[in-house]
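Coordinate inspection notes
Now for the letters of each chain:
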Amino acid sequence: MPQQVTVLIPSAGRAHLIEHALDGLRAQNFTDFEVLLVLRSNDVETVEVAERFNKHLDIRILFQKSPGFMDAYNEGMCASNGEVIIFLDDDAVPEPNCIKEHLLTYERSNVSGVSGDVIPAYLVNGVLKPIDTSSDVVSFYQEPKMLRSFSDKLWNRPLEGQENYLAYISKAGYSKKNVQLMHQEITNSLLCMGANTSVLTSALKNFQIPTSFLKRGIANEQVLGWKLWKNGHTMVFNSRAKVYHIRHGETLSRFLNVKNIFQATMENELLFYYLLSREEKISKMHRVVSLLFNSLVHIKKIGENWRYEMAILRGILLGNMIGLKWLISREIGGSYVPMQDTLFK
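The following paragraphs examine the structure supplied in this document. Source: prediction; values computed, not measured.

Cut-offs applied
- Residues numbered from 1 in each chain as written.
- Predicted model: local features only at pLDDT ≥ 70, side-chain atom pairs only at ≥ 80, totals over all residues.
- Heavy atoms only, no water.
- Helix = DSSP H or I, 4+ residues; strand = E, 2+ residues; numbered from the N terminus.
- Rg over C-alpha atoms; globule rule 2.2 N^0.38 Å.
- Buried < 20%, exposed > 50% of the residue type's maximum accessible area, 1.4 Å probe, protein only.
- Contact = heavy atoms within 4.5 Å.
- Lys, Arg positive; Asp, Glu negative; His and termini not counted.
- Charge placed at Lys NZ, Arg CZ, Asp CG, Glu CD.
- Pairing = 2+ DSSP bridges.
- Right-handed = clockwise from strand over helix to strand, strands pointing away.
- Core = buried A, V, L, I, M, F, W, Y, C linked by side-chain atoms within 4.5 Å.

**With respect to the overall build of the protein**
- Within the protein one finds 10 helices and 12 strands.
- For 345 residues, the compact-globule estimate of 2.2 N^0.38 gives 20 Å, and the protein sits close to it at 20 Å.
- The dimensions of the protein, computed from C-alpha atoms along their principal axes, are 55 × 45 × 40 Å.
- Buried positions account for 57% of the 345 residues belonging to the protein.
- Of the contacts formed within the protein by residues at least 6 apart in sequence, a portion of 74% connects residues at least 24 apart.
- The centroid of the 38 positive side-chain charges in the protein is displaced by 6 Å from the centroid of its 36 negative side-chain charges.

**Quick look at the pairing of strand S2 (residues 34-39)**
- Of all 6 residues in S2, 6 are buried, a share of seventy percent or more.
- Where burial is concerned, the two faces of S2 agree: the one with Glu 34, Leu 36 and Val 38 and the one with Val 35, Leu 37 and Leu 39 are both buried.
- Bridge count between strand S1 (residues 5-10) and S2: 5 bridges; the pairing is parallel. Of the residues in S2, the one forming a bridge with Thr 6 is Glu 34.
- By the bridge criterion, 6 bridges tie S2 to strand S3 (residues 58-63) in an arrangement that is parallel. What sits directly across from Val 35, in S3, is Ile 59.
- Viewed along the sheet, the connection from S2 through helix H2 (residues 44-53) into S3 turns out right-handed.

**A few points about the environment of Val 47**
- Tracing the chain through its elements places Val 47 in helix H2.
- C-alpha separation for the pair Val 47 and Leu 166, spaced 119 residues apart in sequence, amounts to 37 Å.
- Those residues in contact with Val 47 that sit more than four places away from it in its chain are Leu 39, Ile 61 and Phe 63.

**Some points on the nonpolar core**
- One finds Ile 9, Leu 22, Leu 25, Phe 33, Leu 37 and Val 137 to be the most contacted residues of the largest nonpolar core, which totals 97 residues.
- Ranked by the residues each element gives to this core, the list is headed by helix H8 (residues 258-276), at 10 residues.

**Considering the pairing of strand S12 (residues 235-246)**
- Burial within S12 is extensive, with 10 of its 12 residues counted as buried.
- Taken together, the 3 bridges between strand S5 (residues 92-94) and S12 define a ladder with antiparallel strand orientation. Residue Pro 94 lies in a different strand from S12, and its bridge partner there is Val 243.
- Examined bridge by bridge, strand S10 (residues 186-188) and S12 share 3 bridges and lie antiparallel to one another.

Below, the structure written as C-alpha cells:
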C-alpha cells in the first residue's frame, strides 16, 4: 500500500461547502495523509475553516499563482508530496473507507489510476441525504436501451483497447460510459469524475492539464485518463470508494446556468480536436455521424426546455467552429489558442 498520500482539493470561495468535505476526511479510517488545499489568495473564509480542522488533519494551503481552475490542479499536482494523489472536489464528502479503498486497489492490482463512485446528495439541516441509489458517474447516460445499443455499435464505439472500459473515449472523440459495467465492483476504466479519482504520482511524469481549451475542466479527467492509457498505464473503477456529491445549484467547474452550459458544451466538443493530432484511432467519419445525431436529438428536445437545448446547440456549433480554426492553425504552423477566441467568452 502506498505510504504517502495527498488529497488535493482546489476551491474558490466555497468555505460553506468545503467544511463538509474536510469533515468527511476527518472521519476516514485511514488517517496517514495530507490535505492540500489550492485556494485563491483572497479566500480568507476557507483559510479560517481549514484552521479549525488543523487539529484533526494535516492540512497545507497553496495559494494559486495563476487564476484558472486547471491552473489550480496543475499547481497542486506539482506541490504534492504523495506517492498517490487523490483528487477530491470541495463539495464531495467521502465515506469513511473511501481513501482506504483507493489505496487497497493499488495494493491488489497493478494499476496507475483509480476512480470511485459519486453519489448525489442534498444537505438537509446539515445532514447528507443521498438521492435514492443513483450515481453521477453514469447519470447522463441513461438513454433508452435500444437507442444506446444502436449508437454504441455505430458512432459511439470505443477506441480500440477500451472496449471493456466503463469510462472510455469514443472514436468520435467524446467521453462515454458503458453503463452495463457500472454494477461491477472493480472494472477497467479511464478516469471517471474529478470529484473522486486518484493517480500514482510516478505515472504523471510532469503531466500538465492543458489550459489551451479547458476552462471549466469538463474534459480534464478524460485528457488525463487518455494520457495515462496512451503511456501504457491501467486504470480501474472501484464502486466501493464512494463520495457524496452535494447538490447545491453549482459545481466548481461549471455553474448550472445557460451561459456556462454553453461553455461546457464547447469544451466537450473541443476534446476531439485536442485528440485528433495525438490519437490515430480517432475517426472523422464517426465524428460527423455523431455530430449530426446529437444535433438532431437536441433540436427535437427544444420544446422541453428551449433555453437549455439552444445553449447546447450553440455550444456544439461554436465549439466545432473553434475546433476547425485550431485544426487549421496547427496545419499551417500557427499559434491559435481556443481559450483566447472571442467565441469562447
